[in-house]
Amino acid sequence: LPSANPPPPPPPPPLHPSRPLPPSPCLPPSSPSPLPSPSLLLINTPVESVIMKFGIAACLLLTTIVSVNARKCNTCWLTSLQCSAVKPISSTDSGASPVATSSCIFGYSDGTYSNEDPENGLEPLVFNIPIKTGCGLKSYTDPSSPFYYCNKTAASTNSKIMFGQINDVLQQHIKGKCDKTHVCTMDSTGSDTYYSNNVGYTATIPFISDKGMKVFAIVYIDDPSTAGDVQMVELTVPKLDSKTGNVSSWKSVSVIDSVYSSSAKGVYQPAGGSLTPWCTAIGGEKVPVSQDILQFFSNKAPLPTEMNYGWVTESRVEIDYSASVIKRYALGRIQATATFAMPDKKTVYLSDGSVVYMFVSKLVKDLRNGTLYAANFSKETVKWVKLNSVNESDMVAEVAKSKGWLDYWEGSAYLDATAKSCNTGYQRVFTNQERCWRPKSAVEKYACLLYPKDCAMFKGATYNLSGVTGFAYNMDDKGATGKELGLNKFFISFSTVSTDMQTSLGGSSVVRPCGSVYMFTIGKVDNCTLLNANCDDATKATSAKSPYTSYALNSYKVDIVNGLPLDTDRSKCEPSLPSQPSYIHFASYHNTLFIADGGSLHESNHVWLLDFSGQGRPFVPTSIFRAPRGSMIEGVSWMNNLVGDGRSYLSISVGSGPQPGFIGYLGPFTLKGYNAGSYDMLTNIGCPIRGEQDYLYDATKYVDKLS
C-alpha cells in the first residue's frame, strides 16, 4: 500500500492511463510484475494451501496496520475491493444468523486507496434483509404468533400473498403445518398456509416513471415439494438523511404474485437465473412428473405434458408494474441450471449442468428466433457445434402436438453390445441408452430443441461436464492499468470436476471434488471455425467477415480458483477456500469476482471475493458473507450504481435451509464524487433504470408485448 504520508496526488488520469502499480506490502518491491498470471498463484495441493493460509494471514495483518490514502480525484472509478474476512463457524458459534463483512479498502484507477471514512463521503457497510419467507400479509404480523419474525416493515405490507407462498392448480393456497421455527410442510389437514423457504435467484430491477422511483425484485421460489413460483417484491432502496447523515435500510413494500400466461402452462421449479442487459430475468425450469402437472397446473383436458416444461423463461416488470413470465421456446428445452446474456444483447449462454450451450438471436433483446450451439472442450480449446435454428411460434406449435421421444428419434441396435459401438450415422445419446439413435431427418430441428443434450452428444459436443452452476463475464477490455487479470474474460463455475470430466477435457484439467472456476477468452466464431469445419482459404476469408457472434468462448485456463478437500476428512472442503461453487458474478470495471459456495461440504456456505485488479494484492479468495448453518446461497449479483445515487450493492439470496429464506443486500459501496460521465455511471453495467419517461427506455424497452 502507499505510504502513510503520500505526496500530493497527480491530476485525474485519463480513462485508461498507463500508470505503474502501487507498491504492495505482500510482494517484494523489486517484482517487475507482481501478478503476471493467475496460473502462477493457483492453490493446487493441500501443502500449498497451508502455506498460502499463513501467507494470507500475515499479509492481512500487515494491511490492517498500514495507513490508507484518502481518495482525492473526482473522476476515478473503483478498481479493487479488499474486505475484512468473515470467519467460518466456530465451536462456540451456533451459526444461526447470517454474518457479513463490515469494512473494505477501496482501490481506485489512479492507484490510491480509501476505507469507509465519512469525511471522504463513504458510508459503513451494512447487510440488510428486507423480507423473509412467510412475510407479506397483515395477518402474519401479530406479535403473539410464531410468525412475528417478519421484519418491522411487514407491518405495513398489504400483499396479495406471503413471500414464498405456493398456490395450487386453482390458484388457491396449499394447506400446511408450520412450526415455531417457521418451517412448513404440506398437509391437507393443516390450518396454515404452506409457504416455502427455498428462496432462489433474485434479479433487482430499478424503475422510474412520472410517479417516482420504484425498485422490484424478481425472485425464484425453487421449492422441491411443489411447482415453485416466480414472485415479484417491491422494495424501497436506502436513502441518505441529509440532516442526520444516517442512511435508511432496505424495506419491503409489497409481494406481487407472478403472472402465468395461459399458453405457458405455468413454470415448474425455476432455477439458474441471471439478469439480462435489457433488464429482464432469464432462467430455466425443471420437468415435472404427470402427478405434479395435475396438482399444480391443470386437471382439465387437454392436459399439459412434460413437453410444456424445461424451457428457458424470461421474467420482467411491465410498464404498469405488473410481473410477467414468458417461456422462450427458441432457446431449447434445456432445463437450465445456469444462464447469462452477453452485452451484445444477442448471445446467451446456458447449461443443463452437463453441456454448455450458446444461443445467438437474430435481433437484439429478442429471444424468439435464433440458433443454438453446443461447446466441445478439449485441452484448453473450445470449438462450437451447431445444433439447429427455430423460431418461437413454430416451436410452440410443435410442442402442442408432440408425443415424445419416438416422434423425433430413430434407433438401431448396438453394433457391438459389449463395447456399445454404433452403426454409421448413429450415436449413443443421453435419454435412451438401450440402443443407438439419430434424429429423424424430417424433424431434426425440433429433435435438437426438444432434446438438446441428446443432440449435443450426437453431434460431438462435450456432454459430461460435472455441475455447471454459474456464468460470469467482465466486459472491461482495457482496465485502468492494462495489467488487470480478468479483462474481457468469461468464467464458468463447476460444483465438482469429476474423473469423467477430467478425462474428457484432458490438458491441464484436474479432478476437483470441491469444485473449480475456469476462465475463458472470447472471440468470433463463424462457419469455418465450427467443430470439424473443412474450408479452403477463400471460404475461410469470406466466412470470417460474417461471424455468428463476437462473444464465443474459444480457450480457457483451469482452476483460476478451486476448493480443496481436507487432509483429515476428504468428505469436507478446506474452510479457507470456496466449496463446490454455485452462483458467480463479476463486477465489470471493478475487477472483482464473487463466488457463492454450493453443496454441504462446509459447515456453512459463504460468498467469496476474488480481486483481479493486479494491484499487488494476493490473488486469493476472501469470505465476505456467511449464510446460516444448513442454508444454501441461491444467488449473488453486484448491482452497480443501482438507482443513480452513486451507491452499489451486492444482492445475496439465501434459502433451502431450516429457517426462513430471504433476500439480502450488502452495501452501500458508496463512492461519492463520481461524475455522471465516469466509469461507475456506465449504463450498461448491470441493469439500467427502466421507465417510459426515462431516456434509457429505448435501450431497455421490450421488443414484444404480451399477447
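Refer to the structure presented above.
Residues numbered from 1 in each chain as written. Predicted model: local features only at pLDDT ≥ 70, side-chain atom pairs only at ≥ 80, totals over all residues. Heavy atoms only, no water.

Chemist: For this particular structure, what's the right way to read the sheet that holds strand 13 (residues 270-275)?
Modeler: Adjacent strands of a sheet pair through backbone hydrogen bonds, lying either parallel or antiparallel. With respect to topology, four strands assemble into an open sheet ordered 13-14-15-16, the strand pairing being antiparallel. The open sheet has two edge strands, strand 13 and strand 16 (323-328), and neither has a second partner. Within the sheet, the average angular offset between the axes of one strand and its neighbour, ignoring direction, is 25°. Direction of pairing for strand 13 relative to strand 14 (residues 281-285): antiparallel, over a ladder of four bridges. When the bridges of strand 14 are listed, Pro270 appears paired with Glu285. (Pairing = 2+ DSSP bridges. Helix = DSSP H or I, 4+ residues; strand = E, 2+ residues; numbered from the N terminus. Axes fitted to C-alpha atoms, helices over the stretch in contact; angles between N-to-C directions.)

Chemist: Would you mind going over the side chain of Glu314 with me for this structure?
Modeler: Among the secondary structure elements, Glu314 is positioned in strand 15 (residues 312-317). Accessibility expressed as a relative area gives 2% for Glu314, which makes it buried. Within the structure, the side chain of Glu314 is placed 2.8 Å from the side chain of Arg328, a separation counted as a polar contact. (Buried < 20%, exposed > 50% of the residue type's maximum accessible area, 1.4 Å probe, protein only. Polar contact = N/O pair within 3.5 Å; in protein donor to acceptor, adjacent residues only side chain to side chain.)

Chemist: So what exactly am I meant to see when it comes to helix 3 (residues 392-401) here?
Modeler: Since there are 3.6 residues in each turn of an α-helix, residues three or four apart along the chain are aligned in direction. Buried within helix 3 are the following residues: Glu392, Met395, Glu398 and Val399. All buried residues of helix 3 project into a common sector of 125° when viewed along the axis, lining one side. Of the exposed residues in helix 3, the ones pointing more than 90 degrees away from its buried face are Ser393, Ala400 and Lys401. The elements touched by buried residues of helix 3 are strand 16, strand 20 (366-378), strand 21 (381-391) and helix 4 (444-450). (Arc of directions from axis to C-beta. Contact = heavy atoms within 4.5 Å.)

Chemist: Where do I start with the sheet that holds strand 34 (residues 662-670) in this structure?
Modeler: One open sheet accounts for four strands, arranged 5-34-33-32; its pairing is antiparallel. The open sheet terminates on both sides in strands that have one partner only, identified here as strand 5 (126-132) and strand 32 (632-639). Adjacent strand axes in the sheet meet at a mean angle of 20° when their direction is disregarded. One ladder, built from five bridges, connects strand 5 with strand 34; its direction is antiparallel. Residue pairing in the sheet places Val126 in a bridge with Gly667 of strand 34.

Chemist: Help me understand the pattern of salt bridges, please; the structure alone is not making it clear to me.
Modeler: A pair can form between side chains of opposite charge whenever their charged atoms are brought close. A full pass over the atoms with the stated rule returns 18 salt bridges. Through salt bridges that share partners, Glu314, Arg328 and Glu392 make up one connected network. (Salt bridge = Lys/Arg side-chain N within 4 Å of Asp/Glu carboxyl O.)

Chemist: Can you help me understand the packing of aromatic side chains in this one?
Modeler: One pair of aromatic rings is described through two measures. These are the centre distance and the angle between the planes. Using the criterion set out here, one finds 36 aromatic pairs in the structure. Geometrically, the ring pair formed by Phe340 and Phe490 is edge-to-face, given 5.9 Å between the ring centres and 85° between the ring planes. Taken as a pair, Phe340 in strand 17 (residues 338-341) and Phe490 in strand 25 (residues 489-494) lie far apart in primary sequence, 150 residues in all. A relative accessible area of 14% places Phe340 in the buried class. (Phe/Tyr/Trp six-rings, centres within 6.5 Å; stacked < 30°, edge-to-face > 60°.)

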